[in-house]
Amino acid sequence: MTQDLAGFAKERGIKYFMISFTDLFGAQRAKLVPSQAIADMQKEGAGFAGFAAWLDLTPAHPDLFAIPDASSVIQLPWKPEVAWVAADCMMEDEPVAQAPRVVLKKLVAEAAEHGLRVKTGVEAEFFLISADGEAISDQYDTAEKPCYDQQALMRRYDVIAEICDHMLALGWKPYQNDHEDANGQFEMNWEFDDALVTADKHSFFKFMVKSVAEKHGLRATFMPKPFKGLTGNGCHAHISVWDIDGKVNAFADKDMPFGLSTKGKTFLGGIMKHASALAAITNPTVNSYKRINAPRTVSGATWAPNTVTWTGNNRTHMVRVPGPGRFELRLPDGAVNPYLLQAIIIAAGLSGLKSNAEPGPHHDIDMYRDGHTVKDAPRLPLNLLDALRAFEQDEVLKAALGSDFSDAYIKLKHDEWNSFCGHFTAWERQMTLDI
Ligand code: ADP
Ligand code: MG
Ligand code: MG
Ligand code: MG
Ligand code: MG
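The rules behind the values
- Residues numbered from 1 in each chain as written.
- Chains lettered and ligands numbered in written order.
- Predicted model: local features only at pLDDT ≥ 70, side-chain atom pairs only at ≥ 80, totals over all residues.
- Heavy atoms only, no water.
- UniProt positions renumbered as here; feature names shortened; annotations may be inferred.
- Near = heavy atom within 4 Å.
- Polar contact = N/O pair within 3.5 Å; in protein donor to acceptor, adjacent residues only side chain to side chain.
- Areas by Shrake-Rupley, 256 points an atom, 1.4 Å probe, with all protein chains shown as cover.
- 1 Å grid on protein atoms, 1.4 Å probe; cavity = no way out; pocket = protein on both sides within 12 Å on 5 of 7 lines; lining within 4 Å.
- Sits in = over half its atoms within 2 Å of the grid points.
- Helix = DSSP H or I, 4+ residues; strand = E, 2+ residues; numbered from the N terminus.
- Nonpolar A, V, L, I, M, F, W, Y, C, P; charged D, E, K, R; others polar.
- Donors = N, O, S within 2.8 Å, 3.2 Å for Na, K, Ca; no water.
- Domains from an automatic or database assignment.
- Contact = heavy atoms within 4.5 Å.
- Buried area = accessible area lost by both parts, 1.4 Å probe.
- Buried < 20%, exposed > 50% of the residue type's maximum accessible area, 1.4 Å probe, protein only.
- Arc of directions from axis to C-beta.
- Salt bridge = Lys/Arg side-chain N within 4 Å of Asp/Glu carboxyl O.

Under an unreviewed UniProt entry, the protein chain has the name Glutamine synthetase and belongs to Agrobacterium albertimagni AOL15. As stated in UniProt under Sequence similarities (unreviewed entry), the record for the protein chain gives "Belongs to the glutamine synthetase family."

And the structure:
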């Protein structure tokens, strides 16, 4: 594990470091620092005016310093003279409690206090679109059921294989790439890891996919629902919890239903109990709610949940238990902040463990067809405002993430909602002009 960035630069021939932090809305902000200056920067951090990013700060606040976490450093496979390193935000020698990577580290430490280590894998779906963002980049990618389309996948071989080669070189153990359920949509999978490592990889993956797509004259988008009528970009999370050494999967119990131990079931119970509130984090944009609760897509199914239900190996529910010792949360979308995704999973799951929360009955039905027959399951929030209000009322989640973070997030997201509501749409004109 890298400790000394100056030494890393010398060894690898690195000329510049991107010292990168992620703000509340998931935007990555960086300074490009020459290697000659990295030794000091590693100690002091790179300075930023925090108000200029999506953080609840004012222009009068002191400088924010992003201190690189050397253990996260990655040499850019497509530009080896540059390295990316995730940073933690500090102000006046204190961690900035609202900063997402700080929030996640606190929750990882809390899990460790319980002797637990949360490991996750994410499926960050994306579309390859034209550089102007208007249309799917491949004009021949028009099948009604485009999932696993061999021909369309191979027309984008140059992009997909380049990204996968990079993941192989980085030792991420990628194992499959496919064309997903929407025209122009792809998914690439690599092996799960500790929550913080997965969050850093998830951030870097988004940066890498966008960079390689741009190199090819394209654009990659993780937007939850970029095209009406087509399946949206999910970001499913597969979750398991291990002993502190990471050797024994505490979720696995072959004698229990679905192979899920009591720990696994109560962790799941926490996720189920807090689902509507945690949607404010896992589905953080106005557009997110056009993916969940959506009408059937052209392909036949949205593959996104609309209700708080769980099941075995069945992809029509919010939670699927695909096999023993883990479960899949299918709620998050491509707009999710990689650090807050992991943080909210640990926050909700730990609260479930501590309170022995029951996940409730499992429903082994086709939710898209027969969902109306389930009477006891809440609907997921219908829009961002509903989700924000549910989060605002969830004292357990707010406390687990910390009041500094929760207050800041609620404030900035309400501002975003209000900005959306201030927009005049073509739809309301059409519906109201002649009333
Ligand atoms: P899906 O069937 O949902 O499309 P994928 O193969 O696309 O599944 O993604 C599965 C993800 O789950 C991968 O990142 C994989 O490494 C991860 N995963 C597998 N086992 C576990 C586990 N025990 N704990 C956490 N993540 C896991
Ligand atoms: Mg300046
Ligand atoms: Mg998948
Ligand atoms: Mg998928
Ligand atoms: Mg999945």
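Still more ground to cover, so stick around.
Let us look at the site of ligand 1. The full set close to ligand 1 counts 17 residues, and Glu-123, Tyr-175, Ser-240, Arg-320 and Glu-328 are the nearest of them. At 2.9 Å, a side-chain N or O of Asn-189 approaches an oxygen atom of ligand 1. Within the backbone of Trp-190, a nitrogen or oxygen atom sits 3.0 Å from an oxygen atom of ligand 1. Burial of ligand 1 by the protein amounts to 84% of the accessible area it has alone, namely 580 Å². Among the cavities detected, the one that contains ligand 1 is the largest pocket. Element by element, the count of residues in the shell around ligand 1 is highest for strand β8 (residues 116–124), at four residues. Along the lines of polarity and charge, the residues of the shell around ligand 1 split into three nonpolar, six polar and eight charged.

Protein coordination of the magnesium ion (ligand 4) is provided by Glu-125 (OE), Glu-180 (OE) and Glu-187 (OE), with donor distances spanning 2.0 to 2.4 Å. Sequence positions of the residues that donate to the magnesium ion (ligand 4) give the spacing E-x54-E-x6-E. The metal-metal distance between the magnesium ion (ligand 4) and the magnesium ion (ligand 3) is 3.9 Å, with Glu-187 coordinating both. Taken as a pair, Glu-125 in the loop between β8 and β9 (126–130) and Glu-187 in strand β11 (residues 185–190) lie far apart in primary sequence, 62 residues in all.

It is worth spelling out the domain arrangement of the protein chain at this point. According to the domain assignment, the protein chain consists of domain 1 (5–89) and domain 2 (106–427). Each of domain 1 and domain 2 has a C-alpha centre, and the two are 27 Å apart. Taken together, the contact between domain 1 and domain 2 spans 18 residues of the former and 19 residues of the latter. A combined buried area of about 1,700 Å² lies between domain 1 and domain 2, and 75% of that area is made up of carbon and sulfur atoms.

Residues Leu-5, Phe-8 and Ala-9 constitute the buried set of helix α1 (residues 5–12). Relative to the axis of α1, the buried residues are bounded by an arc of 100° and lie together on one face. Exposed and facing more than 90 degrees away from the buried side of α1 are Lys-10 and Glu-11. Along its buried surface, α1 packs onto β1 (16–22), α2 (38–44), β4 (64–68), β5 (74–75) and β6 (82–91). Its side-chain oxygen 3.2 Å from the backbone nitrogen of Ala-6, Asp-4 forms the N-cap of α1. Positive phi appears at Gly-13, one or two residues downstream of α1, with a value of about 70°.

Glancing now at the pattern of salt bridges. With the rule as written, the count across this model stands at 20 salt bridges. Lys-105 is paired through a salt bridge with Asp-69; the nearest N and O atoms lie 3.6 Å apart. Here the residue Lys-105 occupies a position in helix α3 (residues 100–113), and Asp-69 occupies one in the loop between β4 and β5, the gap between them amounting to 36 residues. One salt bridge in this structure joins Arg-320 and Glu-328, with 2.6 Å as the shortest N-O distance. Accessibility assignment for this pair places Arg-320 and Glu-328 in one class, buried. Taken together, the shared-partner salt bridges in this structure form one network comprising Asp-69, Asp-88, Arg-101, Lys-105 and Asp-200.

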